[in-house]
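# Geometric and topological summary
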Amino acid sequence: MDEFSFINAIKPNTYNQPALIKGIGDDAAVFRSTSDIVTTVDTFVEDIHFSLETMAPFHIGYRILAANISDLAAMGAEPAFYLVSMCIPKKWKQSALEEIYQGMHELASMYQMDLIGGDTVSSERLMISITAMGYVPENKARYRSHAEPNDIVFATGTLGDSRAGLEILLQGQECKDKDYYIERHRLPNPRVALASGLCEIDRVALNDISDGISSEANEIAEASNVELTIIEEKIPVSNSFQQFSKEQQYDWKLSGGEDFELLGTVSEVHWPRVQEIAVQTDTPIQQIGYVREAEEPCVLIQTHGETKKLMKSGYTHLK
Ligand SMILES: Nc1ncnc2c1ncn2[C@@H]1O[C@H](COP(=O)(O)OP(=O)(O)O)[C@@H](O)[C@H]1O
Ligand SMILES: Cc1ncc(C[n+]2csc(CCOP(=O)(O)OP(=O)(O)O)c2C)c(N)n1
Ligand SMILES: [Mg+2]
Ligand SMILES: [Mg+2]
Ligand SMILES: [Mg+2]
């Protein structure tokens, strides 16, 4: 394998997005747009974000693109394009690298997303960086700063599953619904359908759950200068989640991260319509708390009526 044979092997033969003018093969890609464009980048490093002990190359690709698409969804955007930058150690075979791209392609094709570029270099450790772009109707991007007092706080799906799956893979332990938890970790599905469906709602604050809601709820509270209260019993978890210890349940649902679900706030008036859109888009959704005016932005967690401050506690790099 060399750089150029590798690029030829992963280059798409056809593109889906009508706005694309130039894809892979020149100095840069070109597309033309009339709507607002949302763009995001995330980097994934072997043994920090993924490990070959717990994932096949296909899962690595799928999951990395899912994380980026999840950020697009959290902005209310429709995925359209992605670019992939690869830093590759010599020991990696072309066939395994192609499998990573097959994983990305599997998810991308669900959204007619096109791979339009990237970069390839050699390095000591496998690092993959994806830049993703999507469209959002003019002035309809969903910000963390959009929460207001008296909003309700909601979450999609179930939380803590991805972390449970990771622990099951690392410990090799047997448990109920083992395959389900492992799949939630390896093949997460970002909530694009709900996020796009919400475009008719005037104001929604959204953040996607990559680090754990203790972090993401604080990000909304800080950006909106409000106080968020989360009711612990209302945090949605899977049916068999209670098989894990009390400490694990608490830690994983609040700080496990990588569920790529959405955390959001919306006015009480619009909440019934949000629930209808959730049904139409097949998205489990649940109210988990409410927003109040704040002297200092903060997040409170209420457990059996007792309230305490919820600090950021997800995954933090460089700490
Ligand atoms: N090294 C960097 N240079 C410039 N901007 C950055 C860098 N790292 C993060 N950001 C920006 O900081 C913000 C928060 O990033 P991050 O915590 O990664 O968000 P998320 O959890 O949604 O992926 C984003 O606007 C991101 O683009
Ligand atoms: C091998 C392995 N170790 C640990 C984890 C857990 N983990 C790694 S990064 C991360 C948080 C999200 O990563 P980050 O780079 O902060 O993404 P962002 O917030 O930018 O979306 C978690 C929970 C994992 N998925 N795999
Ligand atoms: Mg990021
Ligand atoms: Mg995010
Ligand atoms: Mg992070």
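The structure displayed is predicted, hence computed values, not measured ones.

Our focus in this paragraph is the packing of aromatic side chains. Taken as a whole and judged by the stated rule, the model has ten aromatic pairs. Aromatic pair Phe 6 and Tyr 101: ring centres 5.8 Å apart, planes at 75°, arrangement edge-to-face. Here Tyr 101 lies in helix 3 (residues 94–110) and Phe 6 lies in helix 1 (residues 3–10), a separation of 95 residues in the sequence. Phe 6 sits in the buried class, given a relative accessible area of 1%. With relative accessibility at 8%, the residue Tyr 101 sits in the buried group. Here the aromatic residues Tyr 180, Tyr 181, Phe 241, Phe 244 and Trp 252 are joined through ring pairs into a cluster of three or more.

For the rest of this paragraph, the subject is the UniProt feature "binding site: substrate" (unreviewed entry) in the protein. With numbering aligned to this structure, UniProt lists the feature "binding site: substrate" (unreviewed entry) at His 49, Glu 258 and Tyr 315. The named residues occupy 267 residues along the chain; their greatest pairwise C-alpha distance, 10.4 Å, places them in one compact cluster. For the largest pocket, the lining residues among the annotations just cited are His 49, Glu 258 and Tyr 315. Looking at His 49, the relative accessible area reads 19%, which means it is buried. Excluding its chain neighbours within four sequence positions, the residues that come into contact with His 49 are Thr 43, Phe 44, Arg 63, Glu 258 and His 317. Within the secondary structure layout, Tyr 315 lies in the segment after strand 13 (306–309). Judged by relative accessible area, which is 47%, Tyr 315 ranks as partly exposed.

In the numbering used here, UniProt assigns the feature "binding site: Mg(2+) 2" (unreviewed entry) to Asp 42 and Asp 71. For this annotated set, covering 30 residues, all C-alpha atoms fall within 9.3 Å of each other, a compact arrangement in space. Annotated residues from the preceding list that form part of the lining of the largest pocket: these are Asp 42 and Asp 71. Inspection of the secondary structure assignment puts Asp 42 in strand 3 (residues 36–45). Discounting residues that sit within four places of it in the chain, Asp 42 has contacts with Asn 68, Asp 71, Ile 128, Ser 129 and Ile 130. If sequence neighbours within four positions are ignored, Asp 71 has contacts with Thr 40, Asp 42 and Asp 208.

In terms of domain boundaries, the protein breaks down into domain 1 (3–136) and domain 2 (144–309). In this structure, domain 1 and domain 2 have C-alpha centres spaced 26 Å apart. At the interface, 20 residues of domain 1 touch 20 residues of domain 2. Between domain 1 and domain 2, a total of about 1,700 Å² is buried, with carbon and sulfur atoms accounting for 60% of that surface.

In the vicinity of ligand 1, the contacting residues are Asp 42, Asp 71, Arg 144, Asp 208, Ser 210 and Asp 211. Interatomic distance of 3.4 Å between a side-chain N/O atom of Asp 42 and an oxygen atom of ligand 1. The separation between an oxygen atom of ligand 1 and a polar side-chain atom of Ser 210 is 3.4 Å. Relative to its free-state accessible area of 560 Å², ligand 1 is covered by the protein chains to the extent of 27%.

What follows is about the site of ligand 2. As a matter of local geometry, ligand 2 sits amid 14 residues, with Asp 42, His 49, Asp 211, Glu 258 and His 317 nearest to it. The separation between an oxygen atom of ligand 2 and a polar side-chain atom of Asp 42 is 2.8 Å. Contacts to ligand 2 include Glu 258, whose side-chain N or O atom sits 2.9 Å from a nitrogen atom. Spatially, ligand 2 is embedded in the largest pocket. Partitioning the shell around ligand 2 into residue classes produces four nonpolar, six polar and four charged.

Next up on the list: the environment of Cys 87. Structurally, Cys 87 is set in strand 4 (residues 78–88). Each C-alpha atom, one on Cys 87 and one on Arg 191, is 29 Å from the other, the two residues being 104 residues apart in sequence. Contact partners of Cys 87, with chain neighbours within four places excluded, come to Val 121, Ser 123, Arg 125, Leu 126 and Met 127.

Parameters at a glance
- Residues numbered from 1 in each chain as written.
- Chains lettered and ligands numbered in written order.
- Predicted model: local features only at pLDDT ≥ 70, side-chain atom pairs only at ≥ 80, totals over all residues.
- Heavy atoms only, no water.
- Phe/Tyr/Trp six-rings, centres within 6.5 Å; stacked < 30°, edge-to-face > 60°.
- Helix = DSSP H or I, 4+ residues; strand = E, 2+ residues; numbered from the N terminus.
- Buried < 20%, exposed > 50% of the residue type's maximum accessible area, 1.4 Å probe, protein only.
- UniProt positions renumbered as here; feature names shortened; annotations may be inferred.
- 1 Å grid on protein atoms, 1.4 Å probe; cavity = no way out; pocket = protein on both sides within 12 Å on 5 of 7 lines; lining within 4 Å.
- Contact = heavy atoms within 4.5 Å.
- Domains from an automatic or database assignment.
- Buried area = accessible area lost by both parts, 1.4 Å probe.
- Near = heavy atom within 4 Å.
- Polar contact = N/O pair within 3.5 Å; in protein donor to acceptor, adjacent residues only side chain to side chain.
- Areas by Shrake-Rupley, 256 points an atom, 1.4 Å probe, with all protein chains shown as cover.
- Sits in = over half its atoms within 2 Å of the grid points.
- Nonpolar A, V, L, I, M, F, W, Y, C, P; charged D, E, K, R; others polar.

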